[in-house]
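So the chains spell out like this:
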Amino acid sequence: MLRAHLDPAALAAAVDVDVKTVTRWLAGRVPHQRTRLAVADALGETEADLWPQTRPDQAPGAEATAEVVAAYAHRADIPHQVWAALLTGATTRIDLLGYAYPFLLELLPTTMQLISDKASNGARVRLAFADPDCPHVAERDALEQIGGTLPGRIRNALNFCEPLHRVPGVEIGLHTVHLYNSVFRFDHQMIVTPHLYRARGYQHPALHLRELSPHGIFAAHADQFEQIWQTTTAYPGETR
């Protein structure tokens, strides 16, 4: 409504309903389909984007491909501007899970300050890295054939995050889990990279997801993050 420059009264007039009806929509009530189509037309949006819960493919067990914004053969194929837009656009939540992901920490010259500012403005930031001394890191290093460099890459990433150690709202944790994919969540969008055997991080495929349903692909990976986060230990130890 803001993008269309319409207040409740103007939208009510545009679709021929009472303004109290629009107020009920804003409170969560879903209009009948004919009215939904009229509202979508008035706002220049799609019915599915305005009311994703009305989509039949968002029911439990249904196909969830609507949540896939884009699919990339390799993580390296994701345009820099997509990563930058996700990071800069997040306002309430940033959840990152992987082994090291230095590429993301170095995305912008001001990445650390940007994350710090978002946390100061109320966003919850959780960064989960692999414990560089755990057996799974050695195993992952061998699988990716990177010559024993993964522990050092993780320590470098942790050192890079040092400015965030004392920022309220930012938590850094170490996990000892064998990961089958990395998860990078920014509010209601997410990049997921399934891990392939003998492929390095940038070679893994990637899915760009948006949250539309509590039963979709997004929710499954968000739950994975929560499950693994519960196993992490704080880094440094006194921050959590």
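Residues numbered from 1 in each chain as written. Predicted model: local features only at pLDDT ≥ 70, side-chain atom pairs only at ≥ 80, totals over all residues. Heavy atoms only, no water.

Enquirer: Account for the confidence of the model for the chain, naming residues and giving values.
Expert: Within the chain, residue pLDDT values average 91, and 95% of them lie at 70 or more. Model confidence for the chain, summarised as mean pLDDT per element, is weakest for helix H4 (residues 47–50) at 84 and strongest for strand S2 (residues 93–97) at 98. (pLDDT = per-residue confidence, 0-100. Helix = DSSP H or I, 4+ residues; strand = E, 2+ residues; numbered from the N terminus.)

Enquirer: For the pairing of S2, give the residues involved together with the corresponding values.
Expert: Of all five residues that make up S2, four are buried, and the element is covered over most of its length. Pairing analysis gives five bridges linking S2 to strand S3 (residues 124–130), with the strands arranged parallel. Directly across from Leu97, in S3, lies its bridge partner Ala128. Pairing between S2 and strand S5 (residues 181–186): four bridges, direction antiparallel. What sits directly across from Leu96, in S5, is Phe184. (Buried < 20%, exposed > 50% of the residue type's maximum accessible area, 1.4 Å probe, protein only. Pairing = 2+ DSSP bridges.)

Enquirer: Just give me the short version of the nonpolar core, but keep the residues and values in it.
Expert: Counting residues in hydrophobic clusters, the biggest one holds 53 residues, and the most contacted among them are Leu127, Phe129 and Phe186. Residues Leu11, Val22, Trp25 and Leu43 belong to the second largest nonpolar core, which totals eight residues. (Core = buried A, V, L, I, M, F, W, Y, C linked by side-chain atoms within 4.5 Å.)

Enquirer: Kindly report on the UniProt feature "domain: HTH cro/C1-type" (unreviewed entry) in the chain, identifying the contributing residues and their values.
Expert: With numbering matched to this structure, UniProt assigns "domain: HTH cro/C1-type" (unreviewed entry) to residues 9–50. Here residues 9–50 is 71% helix and 0% strand, with 18 Å between the C-alpha atoms at its ends. (UniProt positions renumbered as here; feature names shortened; annotations may be inferred.)

Enquirer: Give me the sheet that holds S3: which residues, what numbers.
Expert: Strand order in the open sheet made by the eight strands is S1-S7-S6-S5-S2-S3-S4-S8, with mixed pairing throughout. Looking at the sheet topology across the chains shown, the edges are occupied by strand S1 (68–72) and strand S8 (233–234). As judged from the two bridges shared by strand S4 (residues 170–175) and S8, these two strands associate in the antiparallel manner. For Leu174, the partnering residue across the bridge sits in S8 and is Thr233. The strands touched by helix H5 (residues 80–89) within the sheet are S1, S2, S5, strand S6 (189–194) and strand S7 (206–210), with S5 carrying the most contacts at an inclination of about 55°. (Contact = heavy atoms within 4.5 Å. Axes fitted to C-alpha atoms, helices over the stretch in contact; angles between N-to-C directions.)

Enquirer: Just give me the short version of the environment of Ile146, but keep the residues and values in it.
Expert: Relative to the elements of secondary structure, Ile146 occurs in the loop between helix H8 (135–144) and helix H9 (150–160). Remark: the alpha-carbon pair of Ile146 and Gln224, spanning 78 residues in sequence, is separated by 26 Å. The contact partners of Ile146, leaving out residues within four places of it in the chain, are Asp141, Arg153 and Arg200.

Enquirer: Lay out the domain arrangement of the chain in plain terms, naming residues and giving numbers.
Expert: What the domain assignment reports for the chain is domain 1 (2–54) and domain 2 (65–234). Computed over C-alpha atoms only, the centres of domain 1 and domain 2 are separated by 36 Å. (Domains from an automatic or database assignment.)

Enquirer: Lay out the pattern of salt bridges with the relevant residues and their values.
Expert: One pass over the full model with this rule turns up 12 salt bridges. The partner of Arg140 in a salt bridge is Glu144, and the shortest N-O contact between them spans 3.1 Å. On the criterion of helical spacing, the pair formed by Arg140 and Glu144 is a turn pair, its members being four residues apart in helix H8. The two residues Arg140 and Glu144 agree in class, both being buried. A network of salt bridges, in which partner residues are shared, links Arg93, Asp95, Arg126 and Glu226. (Salt bridge = Lys/Arg side-chain N within 4 Å of Asp/Glu carboxyl O.)

Enquirer: Which residues make up helix H2 (residues 19–26), and what are the values?
Expert: Restricting attention to buried positions, one finds in H2 the residues Thr21, Val22 and Trp25. Across the axial projection of H2, the buried residues extend over an arc of 100°, all falling on one side. Seen from the open side of H2, the exposed residues pointing more than 90 degrees away from its buried face are Lys20 and Leu26. Residues of H2 that are buried in the fold lie against helix H1 (8–15) and helix H3 (33–43). (Arc of directions from axis to C-beta.)

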